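Here's the letter readout for the chains.
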Amino acid sequence: MNDIEQKKENVKMHLKDLRQNLKKMHLAVTEELILPQADEVKILMNKMDQLLNLIESK
């Protein structure tokens with residue numbers, strides 16, 4: 001697998017993980033009326049930053 005294909009796979013993996021976490025958070029807010037903990041939001045923000053860095057890297 002070349003470098004570009006590996007990057008694509010990494011991005012897809014990160015996006016799937018973020019999507020799953022955001023879906024859980026959304027369900028907690030909408031169905032259980034529970035706001036996410038600050039550390040949960042920070043973790044997702046860090047994951048999004050890592051994804052952005054991965055996308056921007058050459």
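To start, this report covers the structure provided alongside it. (Residues numbered from 1 in each chain as written. Predicted model: local features only at pLDDT ≥ 70, side-chain atom pairs only at ≥ 80, totals over all residues. Heavy atoms only, no water.)

**Structural notes on the pattern of salt bridges**
Rules: Salt bridge criterion: a side-chain nitrogen from Lys or Arg within 4 Å of a carboxyl oxygen from Asp or Glu. Secondary structure counts use DSSP, requiring at least four H or I residues in a row for a helix and at least two E residues in a row for a strand, with both numbered from the N terminus.
With the rule as written, the count across this model stands at two salt bridges. The partner of Lys 12 in a salt bridge is Glu 9, with the nearest N and O atoms 3.3 Å apart. Placement of both Lys 12 and Glu 9 in helix H1 (residues 3-31) is noted, with a separation of three residues, approximately one turn of the helix.

**Examining the environment of Asp 3**
Convention followed: Residue exposure (1.4 Å probe, protein chains only): buried if accessible area is under 20% of the type maximum, exposed if over 50%, otherwise partly exposed.
Relative to the helices and strands, Asp 3 is located in helix H1. Here Asp 3 falls in the exposed class, since its relative accessible area comes to 54%. Spatially, the C-alpha atom of Asp 3 lies 24 Å from that of Arg 19, the residues being 16 residues apart in sequence.

**Some words on the nonpolar core**
To be explicit about the condition: Nonpolar cores are built from buried Ala, Val, Leu, Ile, Met, Phe, Trp, Tyr and Cys residues. Side-chain atoms within 4.5 Å join them into one set. Contact between two residues is taken to exist if any of their heavy atoms lie within 4.5 Å; hydrogens are not considered.
By size, the foremost hydrophobic cluster in this structure holds six residues: Val 11, Leu 18, Met 25, Leu 44, Leu 51 and Leu 54. Within the residue set of this core, elements represented by two or more residues are H1 and helix H2 (38-56). Setting aside chain neighbours within four positions, we find Leu 18 in contact with Leu 44, Lys 47, Met 48 and Leu 51.

**A word on the environment of Ile 43**
Structurally, the position occupied by Ile 43 is in helix H2. Take Ile 43: its relative accessible area is 45%, and that puts it in the partly exposed class. Separated by 14 residues in sequence, Ile 43 and Ser 57 place their C-alpha atoms 21 Å apart.

**A word on the packing of H1 against H2**
Counted only if it meets this: Axis geometry follows a simple rule: fit a line to the C-alpha atoms, using only the stretch in contact for helices, then measure angles between N-to-C directions, giving values from 0 to 180 degrees. Angles below 35 degrees are treated as roughly parallel, those above 145 as roughly antiparallel, those between 65 and 115 as roughly perpendicular, and all remaining angles as oblique. Rotating anticlockwise by less than a right angle from the far helix to the near helix defines a left-handed crossing, while the corresponding clockwise rotation defines a right-handed one. Throughout this entry, Asp, Glu, Lys and Arg are counted as charged residues, while Ala, Val, Leu, Ile, Met, Phe, Trp, Tyr, Cys and Pro are counted as nonpolar. The remaining residues, Gly among them, count as polar.
Where H1 contacts H2, the two axes come as close as 10 Å, and the packing angle between them is 160 degrees. It follows from the interaxial angle that H1 and H2 lie roughly antiparallel. Like other packed secondary-structure pairs, H1 and H2 cross with a definite hand, here left-handed. Each of Lys 7, Asn 10, Val 11, His 14, Leu 15, Asp 17, Leu 18, Asn 21, Leu 22 and Met 25 in H1 lies in contact with H2, whose residues at this interface are Glu 40, Val 41, Leu 44, Lys 47, Met 48, Gln 50, Leu 51, Leu 54 and Ile 55. Partitioned by chemical class, the residues of the contact of H1 with H2 number eleven nonpolar, four polar and four charged.

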